[in-house]
Each structure stands twice: as C-alpha cells, then as structure tokens.
Amino acid sequence: MNKLHRFSSFHRSAQLDELQTHPFDLVIIGGGATGAGIALDAASRGLKTALVEKKDFASGTSSKSTKLIHGGLRYLKQMEIGLVRESGTERAVVNKIAPHLCLPEKMLLPLIEDGSFGKVSTSIGLWVYDFIAGVKKEDQRVMLSKEEALEKEPMLNDKILKGAGYYAEYRTDDARLTIEVIKKAVELGALALNYCEVVNFTSEKGRINGVMCRDMLNGRKFEVRARRVVSAGGPWVDHLRKINRSFGGKHLLLSKGVHLVVPHERMPVRQSVYFDVPDGRMIFAIPRGKITYIGTTDTEYRGNKDRVVATVDDREYLLKAVNFMFPDLNLTQYDVVSNWAGLRALIHEEGKSPSEVSRKDEIFEADNGLISIAGGKLTGYRKMSERIVDKVVDQLGDTRDHGLEDSETKNLPLTNDPFQNDKEVQHFIKELKSECSKLGLDDYNAWYLVTTYGKSARHIFENLSNYEGDDLDVSLALAELDYCLGHEMIQRLDDYFVRRSGRLYFDIFSIERLKSPVLEHMTKHLNWDQDRKIAELQNLDLLIQDATTFYRSEQEPRLKADMNH
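This write-up is about the structure you can find in this document.

What counts, and at which threshold
Residues numbered from 1 in each chain as written. Predicted model: local features only at pLDDT ≥ 70, side-chain atom pairs only at ≥ 80, totals over all residues. Heavy atoms only, no water. Axes fitted to C-alpha atoms, helices over the stretch in contact; angles between N-to-C directions. Helix = DSSP H or I, 4+ residues; strand = E, 2+ residues; numbered from the N terminus. Parallel < 35°, antiparallel > 145°, perpendicular 65-115°, else oblique. Left-handed = near helix turned anticlockwise from the far one by under 90°. Contact = heavy atoms within 4.5 Å. Nonpolar A, V, L, I, M, F, W, Y, C, P; charged D, E, K, R; others polar. Phe/Tyr/Trp six-rings, centres within 6.5 Å; stacked < 30°, edge-to-face > 60°. Buried < 20%, exposed > 50% of the residue type's maximum accessible area, 1.4 Å probe, protein only. Lys NZ or Arg CZ within 6 Å of the ring centre and 35° of its normal. Polar contact = N/O pair within 3.5 Å; in protein donor to acceptor, adjacent residues only side chain to side chain. Expected span 1.5 Å × (residues − 1). Salt bridge = Lys/Arg side-chain N within 4 Å of Asp/Glu carboxyl O.

**Regarding the packing of helix 17 (residues 511-526) against helix 18 (residues 530-548)**
Reasoning step 1: Packing of helix 17 against helix 18 leaves a shortest axis separation of 11 Å and a crossing angle of 150 degrees. In this view, helix 17 runs roughly antiparallel relative to helix 18, as classed from their interaxial angle. Judged by the sense of rotation from one axis to the other, the crossing of helix 17 with helix 18 is right-handed. Across from I511, K515, L519, E520 and T523 in helix 17, the residues of helix 18 making contact are K533, E536, L537, L540, D541 and I544.
Reasoning step 2: When grouped by side-chain class, the residues that make up the contact of helix 17 with helix 18 number five nonpolar, one polar and five charged.

Structure representation (structure tokens):
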C-alpha cells in the first residue's frame, strides 16, 4: 500500500487486515495529541508502530483545549520553573515544524486592583518568562501604562485597570495539529486506525503481548500483537489500568473545561486577552476568524466521559467574568452561538482543587509491562512522547543495533511542503485571498484553509473546478471534503464538521446549509445505506444540540436519554 495514501478513508479495510496480520514493536492506545506524538516518534526511529483510537482521532481532550501552544505563565507563579522552560522550548519547536498551526498571537494581560498579578511582579515575571522560555526578541514582553493598555483594548474596565503586560503566545487548532502529527507518522510507516476500541489485553507468561480490539463501525473483535503496549488514553487511562488489573497508587483527577463561542462582532477584541476572574482564577478571550472564544472553567468532573456537556452554571460563570472585565459588552446567553466542553486528565494531589493541581505528566508502569502516560499539556505533547519512546527503546534493547537512538522529531516538519516561517504563512494567505476575490469567495476562506490545511489549501482550490455550481461555498466545502476523504481517514459525518474543519465551533451557522451536500457526498463515496445516513445525521444533530445547549446538570443528557428509552 502506498504510504502517502495509507491515511485515506478508502483504505480502512486494508488497514484493519494489516493490523491483524503483522506483529508490532509498539501498539499505542489513544489517538489524541500524546498518542499521535508517540506514534510519530516511534515510527521516525524505525519501530513498527500501530495506533488505535476508539472514536475519531482528537475526539477527546485534544479537540477541546484552549487551543494555545503557550509557555504557561501561571506555572511561573506556582514556581514550576522546569515546566515553564520546557513549555517555552516546545512552543518554539511546534512553531518551527508546523508554522501554519502555531501562529504567533499577542496577548494582553490587564493588571487590576487586587488582581492575580501586580505591576512589579508581572514585569519581573514576564522578564524571567522571556529568559527561561527562550522567547524571540520581537516577542518579548512590554509593560504598558493604563492609557497604553486602553489604546490596545478600549473595552477593558477602566475603573479597575492599572496597566498591562503585553507578550506573545501561539494559537493553534489542537485537532488539526493532532491529525497532522498522525499523518506524518503514517507517512513514516505507522498504522493508525480510528473507531477501534481496546477492550482487553492479551498476555503470555505474565507479560502483555498485545490488545483485543473491537471495530466500532461493525462490531467485530480481533487481536493485535505487540512487543510493547502504551496507553495514552487521557481521561480513560485509569479505566484501561483497571481492565489490566494494574490500577493502584497515583490516579487521575478529571477536570472539566468549558469554552463559550460568540460572534466576533459581539466581542471584537483586538488581540487575545488573559484576564482575572472575580474568584481569583484567570481566563482567556481569543479572537479567531469569525468568532471570539472565552474560557476556560476548571471544575472536578465525575460524569460520563463519553459525553461531556456545558451547564448553565458554566455559562453564567464565564459570562460574569467577561462582563466584569469588559463591562460595556453586556454579553448574555443569547450571544453564545456554540460551546465546547472537554476533560483534562490531571494527576490527583490530595487536598488540591483542579486549578491548583500541577500540569506535569506522569508515567505509570505495570508489573505486566503496560506503560501508561497521563497529565501534561498540549504544548508538551512532543517531549512527553519522546520520554515514552526512550523508555520503550531501552526496554526493547536489541533495537539499539538498528540505529534507534535519540528522537529527531524536533527537526521533523509535519508537512511535506512546509512553510519556513510565519511570514511565509501570511504571504500564502495573501496569495489565496487574491484567488478568492477572483472567484467571488469571501477572504475568510483563504485564512481558514491555510491555517487548517497549510499548503494543501492549494490542492483544495485546484479541485474546486470539479464542483462548479450555483453555491460557491458548497463547492469549496466539497473540494475540502474530497481532500479529507483522500488524506485524513474520515469515517463519519462529524469527523469532517468537528475535527477536520472545526465548523461546529468556529463556523456553526455554515453547517445547516452544508450538511445535506456533505452527507450525500460521503454516502456516495463510502457506500452508506439509508440506515447509516439516518444514524450519521442523528449523531451530528446531537453534537450540534450539545454545542448550543446549556444543561441544568452534567447528568441531564443521560437522564433525558433514559426517559426516551
């Protein structure tokens, strides 16, 4: 099978056959950012690698973060110097290997009366932050007076504002980053399969030697043999440890994070803002294309991990925070057009709330050989992956004879035709804007396609002529869908609308006009019958419901489902 097309939606059956036929050096459970990073690191060192994910890639935590590759300024306040240093270094690495997915974003940090940061401590803290994180000169911090801060962001609450810090972070699309990492891993020989759940482990003489999987699309079970198994299942790590009968000692604390989405015209911030909440926490407001998103909450979670929803309390908490810092906005529940709710898998620390718990990662090793990793931040996915593969390589031992030494993923571009820097990304967007104008398309499409698909946006534009019709937006969406079918292993309707295109969160109003033509296109190319079409629409409608509904409790969706049955 051509490695460049092994990640095609049409090659899933061949992937399934290969998964069952050949033994692997390493099987990874979990298709989020960490699992993807482990697959890439392992494949790049020559390990025969497979990755399985029970839903779609990046369907858990790795599509529901704050979507920042950031240095973690608050960790400096908690004196986690090593975490800040590693985050700063890794931020620069991600920007280098995928500039279109790690875009520099100026961040304004308002300083207020009785706030989390004072003017002197902020100035010193940001200077130390710049130094230990290795921040480029043009991105280093600037301290602003009250007047200068209001010039940057006139909507700030001038009654409590004292000044501001102005520094740089990097905005990303977490799901897209995960997909690109997996695509590169597959190109280097890894096998990656979505909708493939691990239901048990196989073993011989007390040592794990593989996993028992269930194909979530047809229900069939099969075994995958492997010399080593790594669990990178995020919130499901403890569940897998229980299946393995190795649960004990340290365990996870699950924290729910909710983000609200409002039209940019209702919250037209000029740059990202990291601001105080009355309860002592801090949250972000981040402009992105047509919208601004606000978050996040940080509350302990004990509900259904497979359907995490936002509640009325979550919404009111975030709206109150925004209206405190931006009093003239008067945002209400009617301004919120979408939301996402996700889980952080933190390492439990006795007596600490989710906001107080460290974001450091932790590796668990079971007596029978299962290696699990949890905790950590999106920014650190590559370094976490490197540490895991170092451990696997050391355990396998004989692989040293094959030249498998240190990780080189820090120098490995994620795309085959990579951008060299941020300026090249902007220049490419400008070129495509010109093409959009000629075709009568909104300029937004150029920005969206380049920051989503990189230079493959050109391929999508070139395919547009195959879908000429009265509605150019539909034609462009189908050309985009064709690219995803051919290169990004989409298997369900929501794979496209949520994790490949991000429309559920960033352009939700486009879904209504696109879902019918997209459904028909996928039905034609993936040979769906009428029952499958109905199921796909119902599933997408449920996701739209959860993105636009705020429930009275986290249990309400399950209670309603039970009543309907």
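The rest of the description comes next.
**A few points about the packing of aromatic side chains**
Reasoning step 1: By the definition in use, this model includes 13 aromatic pairs.
Reasoning step 2: Both rings, one in Y274 and one in F284, keep their centres 4.3 Å apart while their planes meet at 15 degrees; by these two values the pair is stacked. Residue Y274 is found in strand 12 (residues 272-276), and its partner F284 is found in strand 13 (residues 282-288); the two are separated by 10 residues along the sequence. Each of the two residues, Y274 as well as F284, counts as buried.
Reasoning step 3: Taken together, Y293, W340, Y505 and F506 form an aromatic cluster joined through their ring pairs.
Reasoning step 4: A cation over a ring is seen here: R241 above F364, with NZ or CZ 4.2 Å from the ring centre.

**Quick word on the side chain of Q271**
Reasoning step 1: Mapped onto the elements, Q271 comes out in the loop between strand 11 (252-263) and strand 12.
Reasoning step 2: Note on Q271: relative accessible area 6%, which makes it buried.
Reasoning step 3: Polar contacts involving the side chain of Q271 include one to the main-chain carbonyl oxygen of K152, which spans 3.5 Å.
Reasoning step 4: With near-sequence residues (within four places) excluded, Q271 lies in contact with E105, K106, L108, K152, E153, Y166, A285 and P287.

**Overview of helix 10 (residues 381-396)**
Reasoning step 1: Taking 1.5 Å as the rise per residue, helix 10 with 16 residues should run 22 Å; its terminal C-alpha atoms sit 23 Å apart, in good agreement.
Reasoning step 2: Regarding helix 10, the residues found buried are Y381, R382, M384, S385, E386, I388, V389, V392, V393 and L396.

**Digging into the pattern of salt bridges**
Reasoning step 1: Per the stated rule, a full pass over the model turns up 52 salt bridges.
Reasoning step 2: In this structure, the salt-bridge partner of R387 is D361, at a minimum N-O distance of 2.8 Å. You can see R387 sitting in helix 10 and its partner D361 sitting in strand 17 (residues 361-365), a full 26 residues away along the chain.
Reasoning step 3: As a salt-bridge pair, K383 and E386 come within 3.2 Å of each other at their nearest N and O atoms. Within this pair, K383 and its partner E386 are both found in helix 10, separated by three residues, close to a single helical turn.
Reasoning step 4: In this structure K383 comes out as partly exposed when scored by relative accessible area, which is 24%.
Reasoning step 5: In this structure, a network of salt bridges that share partners links the residues D56, R176, E180, K183, E488, D494, D495, R499 and R500.

Geometry only, nothing functional implied.
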